[in-house]
Structure formats: structure tokens, C-alpha cells
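This is what each chain is made of:
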Amino acid sequence: QRSKAEFLSVVSHELRTPLTSIIGFVDLMLSGAVGLLSTEQEDFLQTTQIASQTLFQTVQNLLIASNLEAGLFELRPHDTRLNLAKRLDRFAVLATQKQLSFHLELPAPQRVHMDVERIGLVLDNLVSNAVRYTPSGGEVRVHVHVRGHTLEASVSDSGGGLRPDQEARLYQKFSRNARNASEGEGAGIALYVAKAIVQASGGRLWSENRLGHALTMHFAIPLETPTVQEDSSDWVAPKLN
């Protein structure tokens, strides 16, 4: 088990480097840094960007899962700026492509003391699952709030909820809980990793299941006070439909 975990860790690290370059250069091209793009070129690059970010998310999940198996997982909290709007852009695009209503309610960008990349991965995993399992014409809602010294989040979809047998193994490693055949089953580690990160952060991850209607995933984690505060009173939260 330890040898397998170490192998997965090495492979994941090797994949991260070229993926980071691909994502970085695509971002530069989309920003107009290399000149104006045609509509077709922009569409192609946007598709490449989303696919690369999705693959990067999978690599991060594999790396954390392997570190958990090897007993090497640890958080790296630090003072940083929490800005979730840009992180969730790709899910808004994916939802539009799938003809889903996508609603975001996010906190203003602000200084926090946390492992923002790992907690961001938790949100990525929950939102990607919601978009994956919601049929065309459905709805995904993402609500994130900072209340006092707690970060609270919920991700709700209209994908029909889970059967009792699926809910019972929701956080099991390599448990593949496809809610419909057309969307496939995924790797089965997203919620396993999400729960491990939340628990390591001293928080809680839980589900609210309505079979035949909806599934809502919630998490809450405590936040330490950052060294430097930031004024974000002029920021307006995005709300996408």
C-alpha cells in the first residue's frame, strides 16, 4: 500500500508541472496577451482551459489520496486572499454548455488564514459533482459565506438525490455512485478527499439528501484570524443564473 501510494504521489507530481504550464499559457492567450483571438480560437482555447483544469483537479485528488494512504497528508495554512469567483468560472461555463441554471453566492474577497488551495479543492469537488449529475434543464446552487470565524458552504443540485445504498457509501474511497448512466461514474475519490481535507481543517462535511429531488452537500470549517485584514466593502457578490 505504501509503495502504491508513493508511486501515485510521484506520478501526480510529474503531471502537475506540464499541466500548470498548459493552464498558464492558455490563460495568457485568453487574456489577449498574444493578440486578438477569433471567436473560434477563443472557443477552442476555452475548451482546452476547462479540460486542463479538470485534469489538474483529478491529479490533485490523486495526490492527496495517495498521501492519505501513506500517512503523509498535511495542511499548509497561511495568510492569503480568498477569492472564489475566478476559481468557479469554469463551472459556470460547463453549466451553460449543459443548459443548467447556475447560481453563485460568494463572500467578498478577503484575507483569511487557511490552506486555500486544499479548501478550494473541496469546493471544486462538490461543484463538479453537482454539475456532472444534474440533467440538462436542472439547477445548481453554490452558497459560500464567512460568518465570524467560520467558512460555511453548501452546493445543491437537482439531480434526483441518492438512493439509500448510494448515500451509505458516499465518502468511501473508490466508491462510484453514478446517479444516471449518461454521466459515468468518475474515479470515486472526490468526496473521500473532500471529507479528509475538511476533517483535517477541524470542520465538518455532511449531506442533505432528498431522493427523487435534490442533493445538497454542506461543509463548515473554522478560520483563524489573518495577520493583515483587508477592506472589501465595495465588492458585489456575483449571482449567475
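Treat the numbers as computed from the prediction; the structure is a model and nothing was measured.

J.: Sorry, what's going on with the overall build of the chain here?
T.: Regarding its fold elements, the chain presents seven helices and seven strands. Start at the N end of the chain and walk to the C end: the helices and strands fall as α-α-β-α-α-β-β-α-β-β-α-α-β-β. Split into buried and exposed, the 241 residues of the chain put 42% on the buried side. Relative to all contacts within the chain whose residues are 6 or more apart in sequence, the contacts with residues 24 or more apart total 72%. Only carbon and sulfur atoms are counted for the fraction: they give 53% of the accessible area of the chain, which is about 12600 Å².

J.: What should I look at first to understand the packing of helix H4 (residues 89-97) against helix H5 (residues 116-133) in this one?
T.: The angle between the axes and the distance between the axes are what describe a pair of packed helices. Taken N-terminus to C-terminus, the directions of H4 and H5 make an angle of 5°; their axes are 10 Å apart at the nearest point. Relative to H5, the element H4 is oriented roughly parallel. Contacts from Arg-90, Phe-91, Leu-94 and Ala-95 in H4 reach Asp-124, Val-127, Ser-128 and Val-131 in H5. Here the residues of the contact of H4 with H5 are counted per class, giving five nonpolar, one polar and two charged.

J.: What's the story with the pattern of salt bridges in this structure? I'm lost.
T.: Two side chains with opposite charge may pair up if their charged atoms get near one another. Summed over all chains, the structure comprises eight salt bridges. For Arg-90, the salt bridge goes to Asp-124, with nearest N and O atoms at 4.0 Å. Placement of Arg-90 in helix H4 and of Asp-124 in helix H5 is noted, with a sequence separation of 34 residues between them. A relative accessible area of 8% places Arg-90 in the buried class. Measuring nitrogen to oxygen at the nearest pair gives 3.0 Å for the salt bridge that ties Asp-165 to Arg-163. Each of Arg-87, Arg-90, Glu-117 and Asp-124 takes part in salt bridges that share partners, so that together they form one network.

J.: Explanation requested: the nonpolar core in the structure shown.
T.: One recurring pattern in soluble globular proteins is that nonpolar side chains are buried together. Core analysis: the largest hydrophobic core is formed by 44 residues, its most contacted members being Phe-102, Met-114, Leu-123, Val-127, Val-142, Leu-151 and Phe-219. The biggest single contributor to this core is H5, with nine residues. Look past the residues within four positions of Val-142 in its chain and what remains in contact with it is Leu-88, Phe-102, His-103, Leu-104, Glu-105, Leu-123, Val-127, Ser-154 and Val-155.

J.: Help me understand H5 in this model?
T.: The α-helix advances 3.6 residues per turn, and as a result positions three or four apart in sequence lie on the same side. Over its 18 residues, H5 runs 26 Å from end to end, which matches the ideal 26 Å to within 8%, given 1.5 Å per residue. Judged by how many residues are buried, H5 sits mostly within the fold: 15 of 18 residues are covered.

J.: Can you help me understand unusual backbone geometry in this one?
T.: Note: most peptide bonds trans; most residues except glycine with negative phi. Of note, the phi angle at Gln-99 is positive, near 60°, even though the residue is not glycine. Here Gln-99 shows up in the loop between H4 and strand S2 (101-105).

J.: Sorry if this is basic, but what is going on with the confidence of the model for the chain here?
T.: As a general rule, the predicted coordinates of low-pLDDT regions are not to be interpreted in detail. When pLDDT is averaged across the chain, the result is 86; 88% of the residues are at 70 or more. Throughout residues 231-237 the model reports pLDDT below 50, and contacts reaching past four residues in sequence, or to other chains, amount to seven contacts.

J.: Can you walk me through empty space enclosed by the protein in this structure?
T.: It is a probe the size of a water molecule, rolled over the atoms, that shows where empty space is left. Taken as a whole and judged by the stated rule, the model has one cavity of 30 Å³ or more. Of the volumes computed, that of the largest cavity is approximately 50 Å³. In terms of lining residues, the largest cavity is bounded by Leu-82, Leu-84, Met-114, Val-116, Ile-119, Gly-120, Leu-123, Val-144, Leu-151 and Phe-219. With four residues, the top contributor of residues to the lining of the largest cavity is H5. Partitioning the lining of the largest cavity into residue classes produces nine nonpolar, one polar and no charged.

J.: So what exactly am I meant to see when it comes to a nonpolar patch on the surface here?
T.: Together, Phe-7, Val-11 and Leu-15 make up a nonpolar patch on the protein surface, roughly 260 Å² of accessible area in all. In this structure, Phe-7 sits in helix H1 (residues 2-30). For Phe-7, a relative accessible area of 54% corresponds to the exposed category.

Calculation rules
- Residues numbered from 1 in each chain as written.
- Predicted model: local features only at pLDDT ≥ 70, side-chain atom pairs only at ≥ 80, totals over all residues.
- Heavy atoms only, no water.
- Helix = DSSP H or I, 4+ residues; strand = E, 2+ residues; numbered from the N terminus.
- Buried < 20%, exposed > 50% of the residue type's maximum accessible area, 1.4 Å probe, protein only.
- Contact = heavy atoms within 4.5 Å.
- Areas by Shrake-Rupley, 256 points an atom, 1.4 Å probe, with all protein chains shown as cover.
- Axes fitted to C-alpha atoms, helices over the stretch in contact; angles between N-to-C directions.
- Parallel < 35°, antiparallel > 145°, perpendicular 65-115°, else oblique.
- Nonpolar A, V, L, I, M, F, W, Y, C, P; charged D, E, K, R; others polar.
- Salt bridge = Lys/Arg side-chain N within 4 Å of Asp/Glu carboxyl O.
- Core = buried A, V, L, I, M, F, W, Y, C linked by side-chain atoms within 4.5 Å.
- Expected span 1.5 Å × (residues − 1).
- pLDDT = per-residue confidence, 0-100.
- 1 Å grid on protein atoms, 1.4 Å probe; cavity = no way out; pocket = protein on both sides within 12 Å on 5 of 7 lines; lining within 4 Å.
- Points joined across faces, edges and corners; volume = space filled by probe spheres on them.
- Patch = residues over 30% accessible without salt bridge, like charges linked within 9 Å, V, L, I, M, F, W, Y side chains within 5 Å.

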